[in-house]
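One letter stands for each residue in the lines below.
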Amino acid sequence: MRNLTLYIVICILSFASLFAEEESQIFRFYDETANVLPKGDFKYSLFKNAEYGITDDLSVMAHPLLVFVNPSIDVKYNFYKKDELTISSIHGINYPTLMMNSVKGSGTGGFISPEFKIPIMFSIHNGVIATYKLDNSHFLTGKIAFEFALNNSDLAPGTSLDIPVILPRTMVYYKSTGFDIVLASEGSIWHTFDYHASTEFFLFPFGGTNYEKEYSENSTDFFMEINGGAYWNVVKSAKLGITGKLCYGQYPFGSQWHLIPYLDFVKYIE
Amino acid sequence: MKIKLVLFLLLILISCDPVIDTIDEVREAEDYSKENAVSAPSKDTILVMTWNIRFGCGSEILWFGDACGGRTILTKDEVTTNLDRVIEEINRIHPDILLLQEVDIKTKRVAYIDQMKYIMDRTYFGWGIYATSWKIQFIPSDGIGRMDFGNAILSVWPITNGKHHPLPLRGDLDALTKSFYVRENAISGHVTMPNGTEFNVVNVHLSAFATDDTKHRQLVTYLQICEGLTVGGMPLLTGGDFNLLPPNSDSLDYCDEDKCEGEHFHSPGDDPMHKDGSNYAPEIEWMNLVYDKFESSLPLDVYKANQSKYFSHATIPPPYMWDRTLDYLFANRPWVTGSHITHQDLRLHSDHAPVSALWRIK
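This report concerns the structure included in the present document.

### Digging into the overall build of chain A
Check the secondary structure of chain A and you find 5 helices and 12 strands. Since a compact globule built from 270 residues should have a radius of gyration of about 18 Å, the 19 Å found for chain A is in line with a globular shape. The dimensions of chain A, computed from C-alpha atoms along their principal axes, are 55 × 45 × 30 Å. Counting over 270 residues, chain A shows a buried share of 47%. Here the analysis covers contacts within chain A between residues at least 6 apart in sequence; of these, 57% occur between residues at least 24 apart. When the accessible area of chain A is evaluated, it comes to approximately 12,900 Å², of which 66% is carbon and sulfur surface.

Right, dumping it as C-alpha cells:
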C-alpha cells in the first residue's frame, strides 16, 4: 500500500511541471503511432519511450531514465502520409548487457544468479508502423517489426527472468530472432477523457536454440499483452491515465496469465 | 453483454495465480496418480522408505543455500542425471510406500522439470500425492526465480483423502523474509489394499535452519495431525526429514563440520555463536515427543549402540561421509526388528541417505 501511495505521489509530482496552457486542438497520443512529432517537439511518459522530433519526418525515441541502465534507442521515419493514412518505418537497437549485469548478484535484489556470465549482446529491430485516422479523434495503429540479436557468446538459459513484461522483451536474446506485432486504437471517449487499447504479440517461431533444448517440456514461442486504459487530459499537453495490462505468456514452466494495473501519464512539450 | 463482461473478468481472476501461496489452511494434496494404475497385491508386511532427494541436486553440486556453494540454477542435464540415479535406487530397493522430501515441480533451479511426474513416469508406483512447501512465482534473490517444492507420498496401493497440512512458520525471521520463505508441511493420505486393509500415511519435513522453537511448534502440530489419523485404532505410518537428532546422540554441535570458508563459530565475539541449523543441543530432547507416542524403526538403544551406522545426512559433499541422523520412520504398529536400513552407500544421490524398514501392518 505504501508503494502504491508513493507511486501516485510520484505521478502527481511529475505533473507539477506540466501546467502550461496550449491552444492546439490536435489529438495527443499516449502510445506509439506512425505520426512523427514535429521538429523540436518532445513527449515523454513513465512507461513508454519518450519521443523527440528531429525533423518533421524523423524522430528519435528512448526512455529518459531507463536509457542509462538499459541503452535502447529507436528512430522513426515517416515515408508516407496521404489523406487519413500515415506510414513510417522504425529502426532500433538495444543493449541489455548493462541492465542484466546490474540485476545479477547474491542476496535480495539478485534477479539473476551470480554464477552466470552475461555476454555482450545487442538486438536490432526494424519494422513498419501505420496509423489510420478514422476521424479527428479516433485512430487505429498497426505495427510489425522483426528483431534479431547479436551475442558475443551464448546467453545461458538459466539467466532468463521468467515473468511477464520482462521475458517477452528479452526472449530475443535466447532465441536470436522474433517478431513484434501491435494493434492499437486511441481516441476520445468524452469531453477531456481519452481511451487507449492495444494488443501486442511477441512471436519467436524459429526454434533449435539452447533455450528450447533446456526447457523442452513447454513451448516458449508466444506472448501477448492486452492493454486497456482511460486517460484524463489534465491540460491540453498532458494526460494522466489508468491502464490494465493483461499478459499471457508461454513460459518455460507452462502458460500463465497476469493482470497488471498501472498508472501512467504522457506530457507533450511543443 | 454484461454477463459476458462479468464472465470475462472472472476468467481473468481465475487465470491469475497468487504471486505467493501462503498456504494458511489445510487443503487437498495435489494428485499425481497414474490414470490406469493397477493396485499391487495385498501384504501383511510392507517395505517403507523415506528420502530427502534434495530436488535432484545430488550431493556433489555445491548449491548456494545449504552447501557453501555458488550454484543456484542447475542445468537440465545435471538434474536428470541426479534424478535418474535416485530413480534407479528406488526401483532397486522397491519400497511399497515412499515418502519423499524436497521434490521440485515447475521450479527455475531445476530447469522446470516436474520431478513428481518424472519420478512417477519412471517408477512402478501407481499413486502419488504432492504438497508444496514453498510456492512463489518469483523470488528476487540470488537468481532463484520461480519456486515450487515440497513433500510427496508414493504408493503401490490407492491413496485417497490426500491432505496438505501447513506447519507453523519460522519464528526467527523478519516479517518480509517470512512472507517469502518456506512453509513446511506434513502431507497425509489414506491407503487401501485390495484385501481391504487400510492405513494412513504422514510424511513430514521440519525446518532445517530454525534457531528458535520453530521445530518444536512444528512437531506439536505434526503430532496432532498424526493423532487425528489414528482415531478408532487406524494403523498409521509416518516419517520424513525431521531435522532433529535422536535424543541420545553423542554429538550435538556440527557448526565446525558445516561452516563455510571464512566462517567462524564458538569463540568469544563470534556472532552468531552457532551456525544456523547446525547446533542441535537446545533441541536434543524434542524427538522424544515422537518416540514417546510411536514405535520407531530405529529404537534408541539400537541407535545408541552404533550411531554412525544410522547417520543419514551430511552437509559437506563426498568423500566426506554421513555425520548425523535426521531421517526417521515411525508407526503405531510394530516394525520388523532389525529391518531398519540407512542406505549409506548412496552418497552421490542427495545430502540425505534413504532410510527403509519393514512394517507389520497385521
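### Let's talk about the nonpolar core
By size, the foremost hydrophobic cluster in this structure holds 57 residues, and its most contacted members are Ile97(B) and Phe199(B). The residues contacting Phe199(B), other than those within four sequence positions of it, are Ile46(B), Ile97(B), Trp157(B), Gly189(B), His190(B), Val191(B), Met193(B), Met234(B), Pro235(B), Leu237(B), Trp359(B) and Ile361(B). Formed by 25 residues, the second largest nonpolar core is a distinct cluster that contains Met121(A), Tyr173(A), Ile73(B) and Phe138(B).

### Some thoughts on the sheet that holds strand 12 (residues 254-269) of chain A
Note: strands within a sheet are paired through backbone hydrogen bonds, in either parallel or antiparallel orientation. Residue and element names in this part refer to chain A. Strand order in this closed barrel of 12 strands is 1-2-3-4-5-6-7-8-9-10-11-12, and the pairing throughout is antiparallel. Taking each pair of neighbouring strands and ignoring which way they run, the sheet shows an average axis angle of 20°. Bridge count for strand 5 (residues 85-94) against strand 6 (residues 121-135) is 10 bridges, and the pairing is antiparallel. Looking at the pairing, Leu85 lines up with Tyr132 of strand 6.

### Looking at the side chain of Thr86(A)
Residue and element names in this part refer to chain A. Along the chain, the position of Thr86 falls in strand 5. Among the polar contacts listed, one links the side chain of Thr86 to the side chain of Asn35, at a separation of 3.4 Å. Look past the residues within four positions of Thr86 in its chain and what remains in contact with it is Ala34, Asn35, Asn78, Tyr80, Lys81, Ile129, Ala130 and Thr131.

Conventions adopted
- Residues numbered from 1 in each chain as written.
- Chains lettered and ligands numbered in written order.
- Predicted model: local features only at pLDDT ≥ 70, side-chain atom pairs only at ≥ 80, totals over all residues.
- Heavy atoms only, no water.
- Helix = DSSP H or I, 4+ residues; strand = E, 2+ residues; numbered from the N terminus.
- Rg over C-alpha atoms; globule rule 2.2 N^0.38 Å.
- Buried < 20%, exposed > 50% of the residue type's maximum accessible area, 1.4 Å probe, protein only.
- Contact = heavy atoms within 4.5 Å.
- Areas by Shrake-Rupley, 256 points an atom, 1.4 Å probe, with all protein chains shown as cover.
- Core = buried A, V, L, I, M, F, W, Y, C linked by side-chain atoms within 4.5 Å.
- Pairing = 2+ DSSP bridges.
- Axes fitted to C-alpha atoms, helices over the stretch in contact; angles between N-to-C directions.
- Polar contact = N/O pair within 3.5 Å; in protein donor to acceptor, adjacent residues only side chain to side chain.

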